[in-house]
Amino acid sequence: MTRAGFVALIGEPNAGKSTLLNRMVGAKVSIVTHKVQTTRARIRGVAMEGDAQIVFVDTPGLFRPRRRLDRAMVAAAWGGAADADLIVLLIEAHRGLTEGAASIIDSLKDRVPQGVRVALAINKIDRVKAEALLGLAKDMNEAFPFIETFMISAEKGHGVDRLKQWLASQMPEGEWFYPEDQIADLPMRVIAAEITREKLTLRLHEELPYQLTVETEKWEDRPDGSTRIDQIVYVARDGHKGIVLGNKGETIKQVGQAARIDITEFIGRPAHLFLQVKVRPNWLEEPERYTEMGLDFKDGNA
């Protein structure tokens, strides 16, 4: 009998949700950088484990929102959690029960429908001693009735197989939602845009990455087996355009080369990537940009 269900990964920004998702799925479907708040859309990764299909909803990190985009991201995170069969709260072992984690636990009590089960995954266990881990697990389980607690390192893979097997055993019986070889339900063009945005985020610093977005404007599969992809990088100010382009266009050129390598690997065919940088002062207030990211513009209202 086959099983299939949805699992929402929630936690603070940088808790390791995207790294865990990518390891479970076995492919890079979610943007991973050292910066917080990089996951915008609810990217679903699809993992197979025996007869079970686990569909992961990788939610944006939960944090205190300041801007419309932030509010839409937080609304998407809780929406993803409420719709799931099972929720996994991810916290960082070395940071412990932070104010942010405590706030998420309080919200779980209010925002998650009764009957939705929540498991705890303590991540980055290689950073702390065993006795500290046991104390943290005890504190967390006193704060909330988790149905199961896992000790993992998403980056190194420790404990991830056990977590994946357990999740598979918890999925409801039923038909698979996706073909066996499909690893994400976002359109390829959105994933390609996310890959480029990841490379920009890694190259640029401070506030700028949250003031830009990437959209795939054209996608053309050519007869020779390659794909031409045209993307636009939208920035909020003229000054940002210069930063993204770099001296003599060097920054955008290197970003394009790095993104093309990852996109080629992801789509399994040669990619020709063409990037343009455009200034759109109010892109953070345009409903179309939110739709493209899989977010609801209305959720950004205060």
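Residues numbered from 1 in each chain as written. Predicted model: local features only at pLDDT ≥ 70, side-chain atom pairs only at ≥ 80, totals over all residues. Heavy atoms only, no water.

Another aspect to go through is the overall build of the protein. For the protein, the helix and strand inventory stands at nine helices and nine strands. Counting every position in the protein, which comprises 302 residues, the buried fraction comes to 53%. The long-range fraction of contacts in the protein, counting pairs at least 24 apart against all pairs at least 6 apart in sequence, stands at 72%. Accessible area of the protein: about 13900 Å², with a carbon and sulfur share of 48%. (Helix = DSSP H or I, 4+ residues; strand = E, 2+ residues; numbered from the N terminus. Buried < 20%, exposed > 50% of the residue type's maximum accessible area, 1.4 Å probe, protein only. Contact = heavy atoms within 4.5 Å. Areas by Shrake-Rupley, 256 points an atom, 1.4 Å probe, with all protein chains shown as cover.)

Note on placement: glutamine 231 falls in strand 8 (residues 227-235). According to the relative accessible area criterion, glutamine 231 is buried, its value standing at 1%. Engagement of the side chain of glutamine 231 in a polar contact is seen with the side chain of threonine 196, the distance being 2.6 Å. Contact partners of glutamine 231, with chain neighbours within four places excluded, come to Ala192, Ala193, Thr196, Val214, Glu215, Thr216, Glu217, Ile263, Leu273, Phe274, Leu275 and Gln276. (Polar contact = N/O pair within 3.5 Å; in protein donor to acceptor, adjacent residues only side chain to side chain.)

All right, on to the sheet that holds strand 7 (residues 212-221) then. What the three strands build is an open sheet, ordered 7-8-9; its pairing is mixed. Both outer strands of the open sheet, strand 7 and strand 9 (271-279), are each paired with one neighbouring strand and no more. Between one strand and the next, the sheet's axes are offset by a mean angle of 20°, whatever the strand orientation. Note: strand 7 against strand 8, nine bridges, orientation antiparallel. Directly across from glutamate 220, in strand 8, lies its bridge partner arginine 228. Packing against the sheet, helix 6 (residues 188-203) makes contact with strand 7, strand 8 and strand 9, and its axis sits at approximately 135° to strand 7. (Pairing = 2+ DSSP bridges. Axes fitted to C-alpha atoms, helices over the stretch in contact; angles between N-to-C directions.)

Glancing now at the pairing of strand 1 (residues 3-11). Counting buried residues along strand 1, eight of its nine residues qualify, which places the element largely inside the surrounding structure. When strand 1 meets strand 4 (residues 86-92), the two strands line up parallel, connected through five bridges. Across the sheet, glycine 11 pairs through a bridge with leucine 90, a residue of strand 4.

With that out of the way, let us pick up the confidence of the model for the protein. Across the protein, the average pLDDT comes to 81, with 76% of residues at 70 or higher. Every residue in residues 32-41 is under pLDDT 50, and counting partners more than four places away or in other chains gives 53 contacts. (pLDDT = per-residue confidence, 0-100.)

Interhelical geometry of helix 6 versus helix 8 (residues 250-267) gives an angle of 140° and a closest axis separation of 9 Å. Compared by their axis directions, helix 6 and helix 8 come out oblique. For the pair helix 6 and helix 8, the crossing hand works out as right-handed. Of the residues in helix 8, those in contact with Met188, Ile191, Ala192, Ile195, Thr196, Glu198, Lys199, Leu200 and Arg203 of helix 6 are Thr251, Ile252, Gln254, Val255, Ala258, Ala259, Asp262, Ile263, Phe266 and Ile267. Taken together, the residues of the contact of helix 6 with helix 8 break down into 12 nonpolar, three polar and four charged. (Parallel < 35°, antiparallel > 145°, perpendicular 65-115°, else oblique. Left-handed = near helix turned anticlockwise from the far one by under 90°. Nonpolar A, V, L, I, M, F, W, Y, C, P; charged D, E, K, R; others polar.)

Here we take up helix 3 (residues 99-111). Spanning 13 residues, helix 3 covers 18 Å between terminal C-alpha atoms, matching the ideal 18 Å at 1.5 Å per step. Ala101, Ile104, Ile105, Ser107 and Leu108 are the residues of helix 3 that are buried. The arc enclosing the buried residues of helix 3, seen along the axis, measures out at 165°, which places them on a common side. Exposed side of helix 3, more than 90 degrees from the buried face: Glu99 and Asp110 are the residues found there. (Expected span 1.5 Å × (residues − 1). Arc of directions from axis to C-beta.)

As a further point, take the packing of helix 1 (residues 17-25) against helix 5 (residues 160-170). Closest axis-to-axis distance for the helix 1/helix 5 pair is 11 Å, and the angle between their directions is 75°. Relative to helix 5, helix 1 is oriented roughly perpendicular. Across the interface between the two elements, Leu20, Arg23 and Met24 from helix 1 touch Val160, Leu163, Lys164 and Leu167 from helix 5. A per-class count over the contact of helix 1 with helix 5 returns five nonpolar, no polar and two charged.

With respect to the helices and strands, proline 13 occurs in the loop between strand 1 and helix 1. Overall, proline 13 belongs to the buried group, its relative accessible area being 15%. Separated by 87 residues in sequence, proline 13 and glycine 100 place their C-alpha atoms 9.5 Å apart.

Another aspect to go through is the packing of aromatic side chains. Under the counting rule described, the total for this entry stands at three aromatic pairs. With a centroid separation of 5.2 Å and 55° between ring planes, the pair formed by phenylalanine 150 and tryptophan 166 is classed as tilted. Note that phenylalanine 150 is positioned in strand 6 (residues 149-151) and tryptophan 166 in helix 5, a separation of 16 residues in sequence. Each of the two residues, phenylalanine 150 as well as tryptophan 166, counts as buried. Above the face of the phenylalanine 274 ring, arginine 228 is positioned so that its terminal group lies 3.9 Å from the ring centre. (Phe/Tyr/Trp six-rings, centres within 6.5 Å; stacked < 30°, edge-to-face > 60°. Lys NZ or Arg CZ within 6 Å of the ring centre and 35° of its normal.)

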